[in-house]
Each structure stands twice: as structure tokens, then as C-alpha cells.
Amino acid sequence: MTLTVTGAVLDGETVGLRCEEGRILALGPEVVARLGDETIDAGGAPLLAPLVNGHTHAAMTLFRGSGGDLPLMPWLEERIWPVEAKLDDEDVYWGARLACAEMTRGGCARFWDMYWHPTATARAVADAGLRATIGAPLFDRDGDAEAMRQTALRSLEQLAELGPLVEPALAPHSIYTVSEDSLRWIAELSAERRVPIQIHLAETEGEVEQCLATHGLRPAAYLDSLGMLSERTVLAHGVWLDHYELELIADRGCTVVTNPAANMKLAVGGIFSYPAAREAGVAVGLGSDGAGSNDSLDLFADLKLFALAQKHAAADPTAVTAAEAWEIATGARAPLLGASALAVGAAADFLLLRADAPALAIGELASNLVYAAGGEVVDTVVVAGRVLMRGGELPNLAEIVARAGERARRLGL
Ligand SMILES: [Zn+2]
């Protein structure tokens, strides 16, 4: 089936776009619909590449609104981990379907996920039609490294079978929940299988102090000593990375995904320094983190917070430009994250915004996208040439909300 979009606005020019078999076949002012095409008349709506959520725990929509205003460790130990021990595949599937619905509404076509029952998340992603890089969370703080290794190997095999929209990854939870030997083993497995790694790093100051006390190294240097810093590695948070660590991370080609909303809600006491990361040459992406600690999956909200926090922390309104912030949110400044490109031959992943969105009516588009817009400006989402949302309406949304609600109540949330 050929899908043709007409009357869209790209960089100030009215264009058409034709896609077939999941790829963009033609893009430009000369492209018009042909007889038999599935057509969308964009009516002057802006055409954009979609957002990429570089770090989340999709099924944690089930935990939304039960964060308890607690610090990170008591929140994890008292509220999250005991309930997570009771999760089953159906809980995770419906929690992740809800997350996919919210991310689609917010213009996000791809996300990076670390959560229990990863194959259930992968099924949700495939059914929702989004793209995701998914890893089973790896822990061996109970001392059972062998069980953790079996989980890692099994999840890579199972995720690889779940279709073209799902990319398997390794997801060691953090340096404080995975042993040194296991981190080294994961780094070796990633190199051998060429699969990405996603890990939380330098989220709290306490994590840095503990790392220094235990290993005599700061977190990034510690991971590097285990071979874990490479161009396949995504470091989530990075709030407390110092100048030398940022240079090391840039040198190794890793990506840092900043999660400003979750960091502020958990009050980690600092802000990831984007100007320092940019100066060091670090690839940077944006993430929401899970709905348990955000609690929104509308990445537009994180985008605004990101830009504001950077300016505020640097006491400098030029610390990040709107165009730069938008590129970060679409993954364009971190090649590993899998940004979509609006170009012939690229995957047919794109957004049409609402032509009548009040927040976009006056002023520069990039500035409005960062500071004035929310996910409600997204009208149409197409991923791999398939129309997932049109007119801001998602099919099956009521059922997804109801089923996720039932699963949360089952868990006592
Ligand atoms: Zn996280």
C-alpha cells in the first residue's frame, strides 16, 4: 500500500511525501497523490521527524500517582520493588500499551526501555506499531550472578524474535545493583553480539560517593575500567558527571540521556550540564524516565523543562537554543538513539502537527515547539509507513486505559 501526504509544510515549503513498504519513496513540492494511494491531505500542517524517548520504563504507567513524594532509594525499596515482584506478563503488556498510547499522542515514534517481562513490552510495542530498544533489567545484588546472566541471554534471544520494530538491548540497572564481574560480563556480551547497553549512571550524589568509596573511581571511570563505555552505550541521567567523565564519555562515543523531570521530581539536587557535555562533544538525548517518577510520558513537557533547567542552571539564556533542544528531543544529536530522518530512502516515520494549533500560530516554529507546545499539537503519527494516529485520535484508547487500570488495581496500586 502506498501512502501519500500532500499539502504538508517542511522548512517553510509546501511538500508532498510518498511512502511504500515502510520507506519514504519521494519527498518534495512535486509529489502529488496517485490513483489508488492512501492519501492524507495535511492542509498546511507542519511535517516533522518524530521525537525519541531515550530512557523510560514503559509499563511503570501502572505506578503513576503512587510515588509518595519519596527520595530515590526509599521510593524504590518501599514502593516500587515490592510491587514489581508481583508483576506478570499481562500487567506489563497493558502498562506498556498505555505508555505507547501516550507516547504516540505526544509524537514519539521510538523509545528506549528497561523493564521486567521485556517480551510483554515488546508485544505491546509491536501491537502499538511503535519502535523500541528493549532490555531486561539486570540485577545481581542478591548475589545470584548466574541467574542474571541466564536472564540476559534468554531475553536477547526472545526479543530478537519479536519483529522488526523491536531492537534487543542489555540493561544493567546501575553500578550499585550489579556486581563488578557481572558488569564486565555484560560489556563483553555487548561487544560480542553488537547489542546496545542502557544503564542508569550518576543519578544521585550518593551513588558517586559510594562508587568512590568502593572502587576509588568516579562512576564513568569505573564503567570504563570494566569495558562498558562504547558507542553502543546509553547512560541515563548523568547528573553528577564531572568534566573529566564527560570527556571520557565523549572519547568512548557513548550517549547520555538526560531526564530532567524525573531528576527534579526525585530531587537529586543537580542538573545534567548540557553546555559542559556539548563542549566535551558528548552525544545527548532526552528521556522521560518511567511514569512512576515523572509522571508524564509527553516528551514535550520534558523538552521544555530541559531547556529551562539548562538556562537556569547556567544563568545563561543562550545555554541551549530552541533548535538545538528540538534536535536533542528527536534524537538527532545522538546517532545511537535511532532518530528518523525526513529523506528519500529513510524509514517512513513522521509527524503532522495540527495546522490550527494555537500554540504554533504565531512566531518561530522551533521556539514554539520547545516553549509553547505540548503533545496536543500532534495530529498525525506515521511509523514505518503505518498511520498510528490521525486527527489526534488513537484507536482503542478507551480499552487500553480500562485494561491498564484493571491491572493496576490488581496490584493494589
Ligand atoms: Zn530509569
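What counts as what
- Residues numbered from 1 in each chain as written.
- Predicted model: local features only at pLDDT ≥ 70, side-chain atom pairs only at ≥ 80, totals over all residues.
- Heavy atoms only, no water.
- Helix = DSSP H or I, 4+ residues; strand = E, 2+ residues; numbered from the N terminus.
- Rg over C-alpha atoms; globule rule 2.2 N^0.38 Å.
- Buried < 20%, exposed > 50% of the residue type's maximum accessible area, 1.4 Å probe, protein only.
- Contact = heavy atoms within 4.5 Å.
- Donors = N, O, S within 2.8 Å, 3.2 Å for Na, K, Ca; no water.
- Tetrahedral: all angles 85-135°; square planar, octahedral: opposite > 155°, others 65-115°.
- Expected span 1.5 Å × (residues − 1).
- Arc of directions from axis to C-beta.
- Pairing = 2+ DSSP bridges.
- Axes fitted to C-alpha atoms, helices over the stretch in contact; angles between N-to-C directions.
- Parallel < 35°, antiparallel > 145°, perpendicular 65-115°, else oblique.
- Left-handed = near helix turned anticlockwise from the far one by under 90°.
- Nonpolar A, V, L, I, M, F, W, Y, C, P; charged D, E, K, R; others polar.
- Core = buried A, V, L, I, M, F, W, Y, C linked by side-chain atoms within 4.5 Å.
- Polar contact = N/O pair within 3.5 Å; in protein donor to acceptor, adjacent residues only side chain to side chain.

Draft legend 1. Just the overall build of the chain, in detail. Looking only at helices and strands, the chain features 14 helices and 16 strands. Taking 2.2 N^0.38 as the reference for a compact globule, 413 residues should give roughly 22 Å; the C-alpha atoms of the chain span a radius of gyration of 21 Å, in line with that estimate. A principal-axis box enclosing the C-alpha atoms of the chain has dimensions of 65 × 45 × 40 Å. Counting all 413 residues of the chain, 56% fall into the buried class. Considering only residue pairs separated by 6 or more positions, the chain has 73% of its internal contacts joining residues 24 or more positions apart.

Draft legend 2. Spatial organisation of the coordination of the zinc ion. Within the protein, the zinc ion binds to His-55 (NE2), His-57 (NE2), His-200 (NE2) and Asp-289 (OD); these donor distances fall in the range 2.1 to 2.3 Å. For the zinc ion, the four donor atoms in the first shell make angles of 84 to 172° at the metal, so the coordination geometry reads as irregular.

Draft legend 3. Region of the structure containing helix α14 (residues 397-410). For α14, spanning 14 residues, the distance from its first C-alpha to its last is 20 Å, which sits close to the expected 20 Å at 1.5 Å a residue. Ile-400, Ala-404, Arg-407 and Ala-408 are the residues of α14 that are buried. All buried residues of α14 project into a common sector of 100° when viewed along the axis, lining one side. Facing away from the buried side of α14 by over 90 degrees, the exposed positions are Ala-398 and Arg-409. Backbone geometry just downstream of α14 places Gly-412 in the positive-phi region, at approximately 75°.

Draft legend 4. Focus on the sheet that holds strand β16 (residues 386-389). Ordered by their spatial adjacency, four strands build an open sheet running β5-β14-β15-β16, and the pairing between neighbours is antiparallel. With one partner strand each, in any of the chains shown, β5 (47-48) and β16 form the two edges of the open sheet.

Draft legend 5. Here's a closer look at the packing of helix α3 (residues 118-128) against helix α4 (residues 145-160). For the pair α3 and α4, interaxial distance at closest approach is 10 Å and the crossing angle is 15°. Taken together, α3 and α4 sit at an angle that is classed as roughly parallel. Crossing of α3 over α4 shows right-handed handedness. Residues Pro-118, Thr-119 and Ala-122 of α3 form the contact with α4, whose participating residues are Ser-155, Gln-158 and Leu-159. Residue composition of the contact of α3 with α4, grouped by class: three nonpolar, three polar and no charged.

Draft legend 6. The nonpolar core, seen in detail. In terms of nonpolar packing, the biggest core is built from 109 residues, with Leu-170, Leu-183, Ile-186, Leu-223, Leu-235 and Ile-249 touching the most fellow members. If one sorts the elements of this core by residue count, helix α2 (residues 89-105) sits on top with nine residues. Among all residues touching Leu-235, those that are not within four sequence positions of it are Ile-199, Leu-201, Leu-223, Leu-229, Ile-249, Cys-254, Thr-255, Val-256 and Val-257. With 16 residues, the next largest nonpolar core counts Leu-17, Ile-40, Phe-350 and Val-382 among its residues.

Draft legend 7. Looking closely at the environment of Cys-254. You can see Cys-254 is positioned in the loop between α8 (243-252) and β12 (255-258). We classify Cys-254 as buried; its relative accessible area is 1%. Ignoring any residue separated from it by four or fewer positions in sequence, one finds Cys-254 in contact with Leu-229, Ser-230, Thr-233, Leu-235, Ile-249, Val-282 and Ala-283.

Draft legend 8. Here's a closer look at the side chain of Asp-349. Structurally, Asp-349 can be placed in the loop between α12 (322-329) and β14 (350-353). Using a relative accessible area of 3% as the deciding quantity, one classes Asp-349 as buried. Here the side chain of Asp-349 touches Ser-340 through a polar contact of 3.2 Å, side chain to side chain. When residues no more than four places from it in sequence are discounted, the contact partners of Asp-349 are Pro-50, Arg-131, Ser-340, Leu-342, Val-382, Val-383 and Ala-384.

Draft legend 9. Molecular detail of helix α5 (residues 180-193). Along its 14 residues, α5 runs 20 Å from first to last C-alpha, staying within 8% of the 20 Å computed at 1.5 Å per residue. All of the buried residues along α5 are Ser-182, Leu-183, Trp-185, Ile-186, Ala-187, Leu-189 and Ser-190. Residues of α5 that are buried in the fold lie against β8 (131-138), α4, β9 (166-172), β10 (197-201) and α7 (219-225). Phi turns positive, to about 55°, at Arg-194, one or two residues after α5.

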